[in-house]
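Structural overview
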Amino acid sequence: MLDGKARMMGLGRYPDVSLEQARKKATECRNLVREGKDPIDTRNTERTTERLARLKSLTFDQCARAYIEANRPGWKNAKHAAQWETTLDTYANPIIGKLPVDAIDTTLVLKVLEPIWTKKPETASRLRGRIEAILAFATVRKYRSGDNPAQWKNHLDQVLAARPAVAKAKNHPALPFAQVGAFLQELRIQAGVAARALEFTILTATRTNEVIGATWQELDLQAGVWTIPAERMKAGKEHRVPLCERALALVQEFAPLSTGGGSPVFPGPKGGALSNMAMLALLKRMGRSGITVHGFRSSFRDWAGEMTGHPREVIEHALAHQLKDKAEAAYQRGSLFTKRQRLMEDWARFCELPPAPANVVPIQRTGQCI
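Residues numbered from 1 in each chain as written. Predicted model: local features only at pLDDT ≥ 70, side-chain atom pairs only at ≥ 80, totals over all residues. Heavy atoms only, no water.

As for the overall build of the protein
Within the protein one finds 16 helices and three strands. Here the protein holds 370 residues, and the buried ones make up 38% of them. For the protein, restricting intrachain contacts to residue pairs at least 6 apart in sequence, the fraction spanning at least 24 positions comes to 63%. If you sum the accessible surface of the protein, you get close to 21,800 Å²; carbon and sulfur atoms cover 52% of it. (Helix = DSSP H or I, 4+ residues; strand = E, 2+ residues; numbered from the N terminus. Buried < 20%, exposed > 50% of the residue type's maximum accessible area, 1.4 Å probe, protein only. Contact = heavy atoms within 4.5 Å. Areas by Shrake-Rupley, 256 points an atom, 1.4 Å probe, with all protein chains shown as cover.)

Here's what the structure looks like:
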């Protein structure tokens, strides 16, 4: 009886529990009752404590895998999970991977970060954020408790240099826009899918992943429009790209190879999509290792800003950039597609111009100049 109420509690099944063991357990229960404690509640509390102790023995590596699996469906890029795993396996797990997650403290986090903080600032910054996210996940799941030792503000920012102080942003090496026409003439004599994909990338001012991931169902050849779905865009918004005549001709070259709407526009040599390194490898074979594929977006931006009268917002929309001014972005809800068509046609015509002699300086017009 406890508080005037009868409580029934089993002591275990015979022969798993002997008579002597049952008598001992019964005595312990009566002692708890005399102390005003419920033996059933006490047993349940002990079991919960033991379960939590087992959970807290989960290692950092186990929690990292659980976090990645829990978030994988929400990541739009399939490579995102692989990037997390690679970064953690390379830098974090050799130091803290096998340790209980509740044992991770600031000293251990710093032991992971400090060797690469100034040498590889971009990687180190991402690694810190990933460790923080995993430890926060572990706290919510009650695998650990207390403050997050990987937190930046008012914690690690007191002992590690701020990222801008240790590394300046590096721009992608770009070809001067005045040389793009000559480069395209050289590119067009190159054989292979990578060469056609690179020219298409330049003419559309798009990103490598957007081009190699392009499928036939995204193209409207009659309208001359390429619609990239939101899940494939860096900003997470659908992007409609106007295609000039030359860009249309490039993709139509591969139309007979298509096996369906979902097949890649630029197929790889072993089936599937072209490798994301194929165009960069082509540049190296051409003796152009000093520039990058992404750098042609900079070439386009420099040309549009310096040589044309196209509005800045039209140029930024063509590059699928988010406007930095939040107030301006809130009012600019359209895609400016018609104006972007004219911009991309001007860019295509500029790319067809023969290279100017070294001693000739282009004249910039007040309006749109090609």
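On we go from here.
Thoughts on the sheet that holds strand β2 (residues 225–228)
Spatially, three strands are ordered β1-β2-β3 in an open sheet, and the strand pairing comes out antiparallel. The sheet is open, and its two borders are formed by β1 (219–220) and β3 (239–242), each paired with just one other strand. As paired strands, β1 and β2 are joined by two bridges and run antiparallel to one another. Among the inter-strand pairings, L219 is bridged to a residue of β2, identified as W226. (Pairing = 2+ DSSP bridges.)

With respect to the packing of aromatic side chains
Aromatic ring pairs are described here by two measures, namely the spacing of the ring centres and the angle between the planes. Following the criterion strictly, the structure yields 13 aromatic pairs and no others. Taken together, a centroid distance of 5.7 Å and an interplanar angle of 85° make the contact between Y67 and F137 edge-to-face. You can see Y67 sitting in helix α3 (residues 60–71) and its partner F137 sitting in helix α6 (residues 121–140), a full 70 residues away along the chain. Comparing Y67 with F137 shows no difference in burial state: the two are buried. One aromatic cluster is present, built from ring pairs that chain together F177, F300, W303, W347 and F350. (Phe/Tyr/Trp six-rings, centres within 6.5 Å; stacked < 30°, edge-to-face > 60°.)

Points about unusual backbone geometry
The backbone of N154 sits at a positive phi, close to 60°, despite the residue not being glycine. Position of N154 relative to the elements: it lies in the loop between α6 and α7 (163–166). Assessed through its relative accessible area of 60%, N154 is described here as exposed. The backbone of A320 shows a phi angle near 60°, a positive value even though the residue is not glycine.

Points about the nonpolar core
As a rule of thumb, nonpolar side chains are buried together in soluble globular proteins. Core analysis: the largest hydrophobic core is formed by 57 residues, its most contacted members being F183, L198 and F300. Looking at which element gives the most residues to this core, the answer is helix α9 (residues 193–204), with seven residues. (Core = buried A, V, L, I, M, F, W, Y, C linked by side-chain atoms within 4.5 Å.)

Some remarks on the packing of helix α4 (residues 79–97) against helix α5 (residues 106–117)
Where α4 contacts α5, the axes come no closer than 9 Å and their chain directions differ by 145°. The crossing of α4 and α5 is right-handed. For the pair formed by α4 and α5, the contact residues are Y91, A92, I95 and I96 on the first element and L108, K111, V112 and I116 on the second. When its residues are assigned to classes, the contact of α4 with α5 shows seven nonpolar, no polar and one charged. (Axes fitted to C-alpha atoms, helices over the stretch in contact; angles between N-to-C directions. Left-handed = near helix turned anticlockwise from the far one by under 90°. Nonpolar A, V, L, I, M, F, W, Y, C, P; charged D, E, K, R; others polar.)

Here's the deal with the pattern of salt bridges
This model, assessed by the stated rule, comprises 15 salt bridges. Among the salt bridges present, the one from E35 reaches K37, with a minimum N-O distance of 3.6 Å. Between E85 and R72 there is a salt bridge; the shortest N-O distance is 3.5 Å. Placement of the pair is E85 in helix α4 and R72 in the loop between α3 and α4, with a sequence separation of 13 residues. When its relative accessible area of 24% is taken as the criterion, E85 is described as partly exposed. Through salt bridges with shared partners, a single ionic network connects R188, E199, R246 and E352. (Salt bridge = Lys/Arg side-chain N within 4 Å of Asp/Glu carboxyl O.)

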